[in-house]
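# Survey of secondary and tertiary structure
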Amino acid sequence: MLVSLVFTAVTAACVSATGMEPQAVGPEGTLLATVYKSCKNKGDVALTFDDGPYLYLEDISNALVAAGAHGTFFFNGNNFRCIYNLAESVKYAHAHGHMIGSHTYAHKDLTTLTSDQIHNEMWLVEQALQRIIGVTPAFMRPPYGLYNDLVRQVSHVRNQSLVIWDFDSGDSTGSSVTSSEALYAAVASKNPSNVLAVNHETSETTAHQVLPYAISTLKAAGYKLVTVAECLGLPAYQHVGTPGTPDPNTWKC
Ligand SMILES: *[C@@H]1O[C@H](CO)[C@@H](O)[C@H](O)[C@H]1NC(C)=O
């Protein structure tokens, strides 16, 4: 016990490769991925969109770009849709300057899985993003925001940090347009240093009603709408390469 405490204290003082966060250490000295729950930079809002690619991606992108803003899409591989069937939408989001992160493959609760199963849920999305847009994501949002030390351990091995949020528009838990808009109005008037907001790309009312309201309200309050990587001052991707050539035999769910 004493030994492990000393070990933790010593290694916890080490600084991770990003130079921003102390390296988190779990039981028996395992290295754990950093978990970001908030932005770092003052005046930044990172609007994030989970569960796609889906039908409203281009509308969301267009609303952001028209306002001089960028957002972050945490994509699943096979949730509402198979990512390969919406490869053009994935390319569209990436080409319009939004950050692409992983929301893992099939939107499972990662805390119920073995190490091998977590690796598989993460790898299948990395493979799809490497094939479609040539990038390996540096950030992963765990489905339902649920994680444990094993999830952090596997994410560390895969060189991905976890991203949670400090503001929830409520669009996955049945909030009405009026109440989601009221939440955005409240956070803007409370004027925190920065905001990391979760929304869902699969909500038609988010795309067409709440998002335009959120953009204008947050901009009027003086916030800059940026990607998660920008609001943390970190790279969005571990690696940027060349996309592959579509192959119907392998590019499928
Ligand atoms: C890990 O990811 C960072 C970006 O977050 C990147 O700079 C670094 O090269 C990656 N390391 C490896 C071994 O791929």
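Residues numbered from 1 in each chain as written. Predicted model: local features only at pLDDT ≥ 70, side-chain atom pairs only at ≥ 80, totals over all residues. Heavy atoms only, no water.

For the chain, an unreviewed UniProt entry supplies the name Carbohydrate esterase family 4 protein and the organism Mycena alexandri. Reading the Cofactor (unreviewed entry) entry of the UniProt record for the chain gives the comment "Co(2+)". For the chain, the Subcellular location (unreviewed entry) comment in UniProt is given as "Cell membrane". (UniProt positions renumbered as here; feature names shortened; annotations may be inferred.)

## As for the side chain of Q160
Among the secondary structure elements, Q160 is positioned in the loop between α5 (149–157) and β9 (161–163). A polar side-chain atom of Q160 sits 2.6 Å from a polar atom in the side chain of E126. Contact partners of Q160, with chain neighbours within four places excluded, come to A33, S102, M122, E126, P137, A138, F139, M140, S155 and Q238. (Helix = DSSP H or I, 4+ residues; strand = E, 2+ residues; numbered from the N terminus. Polar contact = N/O pair within 3.5 Å; in protein donor to acceptor, adjacent residues only side chain to side chain. Contact = heavy atoms within 4.5 Å.)

## As for the UniProt feature "domain: NodB homology" (unreviewed entry) in the chain
Under the local residue numbering, the UniProt record ascribes the feature "domain: NodB homology" (unreviewed entry) to residues 43–226. Secondary structure content for residues 43–226 is 42% helix and 18% strand, while the C-alpha to C-alpha distance between its ends is 10 Å.

## Some remarks on the state of the cysteines
Scanning the entire structure with this criterion turns up two disulfides. The disulfide partner of C39 is C231, and the gap between their sulfur atoms is 2.2 Å. Across the S-S bond linking C39 and C231, the dihedral sits near -80°, which makes this disulfide left-handed. With a gap of 192 residues between them, C39 in the loop between β3 (35–36) and β4 (44–50) and C231 in helix α8 (residues 228–232) connect regions that are remote in the sequence. The residues C39 and C231 share a single accessibility class, namely buried. The disulfide that involves C82 links it to C253, with 2.0 Å between the sulfurs. The S-S bond linking C82 to C253 shows a torsion near 85°; that makes this disulfide right-handed. Placement of C82 in the loop between β5 (72–75) and α3 (87–95) and of C253 in the segment after β13 (237–240) is noted, with a sequence separation of 171 residues between them. Take C82: its relative accessible area is 10%, and that puts it in the buried class. On the basis of relative accessible area, C253 is assigned to the partly exposed category, the value being 40%. Here the chain pairs its bonded cysteines, counted in sequence order, in the arrangement 1-3, 2-4. (Disulfide = S-S within 2.5 Å. Buried < 20%, exposed > 50% of the residue type's maximum accessible area, 1.4 Å probe, protein only.)

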